[in-house]
Amino acid sequence: QAIREGFFDLLPDFGRLGFGAGDMALLLHGTPEIDLADWKRHTEYRSYTPSSPVIVWFWEALESLTQPERTNFIRFVWGRSRLPLKGRPWPQTFKIQRCPGGDSVLPQTHTCFFSIEVPEYSSAAITKKRIHTAITYGTAGILNG
């Protein structure tokens, strides 16, 4: 209640203008729907290009995920469950960088930097399997130490 009162002290017209709790949550937390096209526009590549085979496979793997799995992936790479609102500035870009290793190595993340290190996998199937393994076991802390 104190937080609500403080919020309306700072923004007294928020409720009067027809904004509700859902609008406030959307502004603060972003949308639960994950727009991959917007996400790609906010991505930097290090030692890869957008047309590198593993990057193409990476995005194909994310496209094949359900929305809850995409949410787990965001949690795995950023420690959050949602992306910023479409059309709004992002606090930082997503970074995909190459790391040593091959097909047996899982991707590694740095949540503070919103980045993932991905080895140069040999196929789309391996890329998808490694990403799925990472988000399945990594978000529960098993792979994140």
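Going by the structure above, here's the rest.
Scoring rules and cut-offs
- Within every chain, residues take consecutive numbers counted from 1 along the sequence as written.
- Whole-chain, interface and lining totals are the exception, using all residues; otherwise, since this is a predicted model, local features are given only for residues with pLDDT of at least 70 and side-chain atom pairs are given and counted only at 80 or more.
- Hydrogens are left out, water is left out, and the side-chain values use all remaining heavy atoms of the structure.
- Only DSSP runs of H or I covering at least 4 residues are called helices, and only runs of E covering at least 2 are called strands; the numbering of each starts at the N terminus.
- Residue burial is assigned from relative accessible area. The probe radius is 1.4 Å, only protein chains are included, and a residue is buried under 20% of its type maximum, exposed over 50%, and partly exposed in between.

Some remarks on the environment of Val 105
Inspection of the secondary structure assignment puts Val 105 in the loop between β2 (94-98) and β3 (108-110). Put simply, Val 105 and Arg 130 are 25 residues apart on the chain and 7.8 Å apart in space, counted from C-alpha to C-alpha.

With respect to unusual backbone geometry
One non-glycine residue, Ser 47, lies in the positive phi region at around 70 degrees. Looking at where Ser 47 falls in the secondary structure, it is placed in the loop between β1 (43-46) and α5 (53-64). On the accessibility criterion, Ser 47 (55% relative accessible area) is exposed. Phi at Phe 114 takes a positive value of approximately 50 degrees, unusual for a residue other than glycine. Assignment of secondary structure puts Phe 114 in the loop between β3 and β4 (115-118). Taking the relative accessible area as the measure of exposure, Phe 114 reaches 0% and is therefore buried.

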